[in-house]
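Below, each chain spelled out in residue letters.
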Amino acid sequence: DGAAKTPAQLEATIRALPRVATGVDGLDRLLDAFAAAAAVKVKVHCRGDRHIDDHHSAEDVAISLGQCLHEAVGDKAGLRRMAFATRRVGACEVRAVLDLSNRPHVTSDLRFDEEFLGDAAPGPGEVLVETRAAGLNFAEVLQTKGLYQERLEPPFVPGNECSGTVEAVGAGVAHVKAGDAVIALPRGGAWARHCVVSGAAVAPLPKPPSSDAEWRQAASLAVAYGTADMALRRRARMSEGETVLITAAAGGVGLAAVELAAQAGCNVIAATGSPEKAEIALAAGAAAAVSYGDDPRAFREHVKELAPGGVDVAVDMVGGPHLEAIVRSMAFDGRCVVVGFASGDIPKVPANLLLVKNCSLVGLYWGAHAKARPDAFRESLGRVSKMWADGLINPRVGLALPLREANAAVAALAGRKSTGKVVLTMDD
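Please read these numbers as outputs of a predicted model, since none were measured by experiment. (Residues numbered from 1 in each chain as written. Predicted model: local features only at pLDDT ≥ 70, side-chain atom pairs only at ≥ 80, totals over all residues. Heavy atoms only, no water.)

(A) The arrangement of the packing of aromatic side chains in detail. Overall, the coordinates contain two aromatic pairs when judged by the stated rule. Note on tyrosine 292 and phenylalanine 299: the rings are 6.2 Å apart at their centroids and 45 degrees apart in plane angle, and the pair reads as tilted. Residues tyrosine 292 and phenylalanine 299 agree in their burial class; the two are buried. Here tryptophan 366 and phenylalanine 377 contribute two aromatic rings whose centre-to-centre distance is 4.7 Å and whose plane-to-plane angle is 40 degrees, an arrangement assigned as tilted. Here phenylalanine 377 lies in helix H13 (residues 374–389) and tryptophan 366 lies in the loop between strand E14 (360–363) and helix H12 (369–372), a separation of eleven residues in the sequence. (Phe/Tyr/Trp six-rings, centres within 6.5 Å; stacked < 30°, edge-to-face > 60°. Buried < 20%, exposed > 50% of the residue type's maximum accessible area, 1.4 Å probe, protein only. Helix = DSSP H or I, 4+ residues; strand = E, 2+ residues; numbered from the N terminus.)

Below is the structure:
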């Protein structure tokens, strides 16, 4: 029926497949049937003797593959783009690669409640914000599916960034006051009309928004541009004239990184998943674009054509097998910053590559700087806010939906159907 199967459904479907003759032809027909039953694209490679011996049937191959891969096509793996499995049956080793990028994604269980949650009042060091718009990030997608590294016990209100107006401040808060336009970074709770936020995670906007569109842009500033700014300036130490490779370059953080690197005078290569997304990245300032494709080696060759001397700086939001290809593409003294794993696959990179390439591979968890390095966090937030107020950056809001349609917004982001930033508004 074209829908992704749950583990139980997939195994039942496989067991119901018609039995076929053993041998090469039988195996090929069986594997074709498996691909159709899984409702996803399957590439199968066989090594060794393709004949199935007298003790194993072609059905054994399908059941073995199904047991190994059913989790990848079940609900729990709704964010993964690729799944891999290898099974040996007799003298035949079968390796299957499943492309999950186009299968239906499971929507999150988000419920809109017209519910009064009580008189919210800020405590000492806190700020009460009336939300005007809230940004969506991949972290919230993972949180709503229970897959984020910081697990929240349901029920909870998601949302880690918003723009709005200060309604009240608690004792000890002096940098903002009632009536100020601000951007805020609560640790959850932004997808509501009001939220209480630590004063350290609230920054005044140098220019108060004058339209709904500007409030939406303001809600797109903190995480996307703050992450891109800190990845490029603090972690990668980007310099004018360097070649910068950015993956997921048409997404929120990716577009911000393209814009900031181009403004800094760098040669920006944008990696995207489609020609349409490549055009968006090129319009934001990228000098060239490259497609991921299915083959990391081909991806590396394309990057090499665009940067024969290697890449000085890379910012990767995707992970998966392409991260190793990126490291192999680094120039001498290159710096690669890992920001996320949107592919759903956390890769392992051979450490000897870092030695041979004389390059560095570092991580960035931007939100952790609010506690660990608050001065650097505020400096980054202030810098991108001022750049926006001065008209130097232009956050691209690709999709804006009312709060009650949060499920659709999450589905668009999880399914990689959006470009730029996805934003929730407080419109009725």
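After presenting the structure, the write-up continues.
(B) Summary view of the pattern of salt bridges. Counting across every chain of the model gives eleven salt bridges. Taking the shortest distance from any N to any O, the salt bridge between aspartate 229 and arginine 383 comes out at 2.8 Å. Of this pair, aspartate 229 sits in helix H6 (residues 222–235) while arginine 383 sits in helix H13, placing them 154 residues apart in sequence. One salt-bridge network, held together by shared partners, links Asp229, Arg233, Glu379 and Arg383. (Salt bridge = Lys/Arg side-chain N within 4 Å of Asp/Glu carboxyl O.)

(C) Spatial organisation of the pairing of strand E13 (residues 330–338). Of all nine residues in E13, seven are buried, a share of seventy percent or more. Two elements, strand E12 (residues 311–316) and E13, share five bridges in a ladder whose sense is parallel. Its bridge partner lying in E13, valine 313 is registered against arginine 335. Crossover handedness for the path E12 to helix H10 (residues 322–328) to E13: right-handed. Where E13 meets E14, four bridges bridge the pair, whose relative direction is parallel. (Pairing = 2+ DSSP bridges. Right-handed = clockwise from strand over helix to strand, strands pointing away.)

(D) Quick peek at the confidence of the model for the protein chain. Mean pLDDT over the protein chain works out to 79, with 71% of the residues at or above the 70 mark. Counting interchain partners and residues more than four positions distant, the pLDDT-below-50 stretch residues 1–7 has 18 contacts. (pLDDT = per-residue confidence, 0-100. Contact = heavy atoms within 4.5 Å.)

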